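# Examining the three-dimensional arrangement
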Amino acid sequence: MAKISISLPDELVNYLDQKVENKSIFIASILQQWRQQEAEELAQAFLAVDELELGWTD
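Right, let's walk through the structure included here.

So, how was this worked out
Residues numbered from 1 in each chain as written. Predicted model: local features only at pLDDT ≥ 70, side-chain atom pairs only at ≥ 80, totals over all residues. Heavy atoms only, no water. Salt bridge = Lys/Arg side-chain N within 4 Å of Asp/Glu carboxyl O. Buried < 20%, exposed > 50% of the residue type's maximum accessible area, 1.4 Å probe, protein only. Helix = DSSP H or I, 4+ residues; strand = E, 2+ residues; numbered from the N terminus.

### Section: the pattern of salt bridges
Under the definition given, this model contains 1 salt bridge. A salt bridge links D17 to K23, with the nearest nitrogen and oxygen atoms 2.8 Å apart. On the basis of relative accessibility, which here comes to 44%, the residue D17 falls in the partly exposed class. Residue class for K23 comes out partly exposed when judged on its relative accessible area of 34%.

Shown next as structure tokens:
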């Protein structure tokens, strides 16, 4: 797995240190949720285009 680095403001890092046991797992979870939301929004966009009946076929 590739490694990446991110920079966060000190106050956010302090907050995470207080609230989160494993920052890496927490950040990975947020990114997975974002990816899922993006996929759902893309599916909704495809449905909207399909409803416009632009003459496209299967």
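Let's pick the thread back up.
### Some points on the environment of P9
Looking at the secondary structure, you find P9 in the segment before α1 (10-19). When the C-alpha atoms of P9 and A28 are compared, they prove to be 18 Å apart, with 19 residues separating the residues in sequence.

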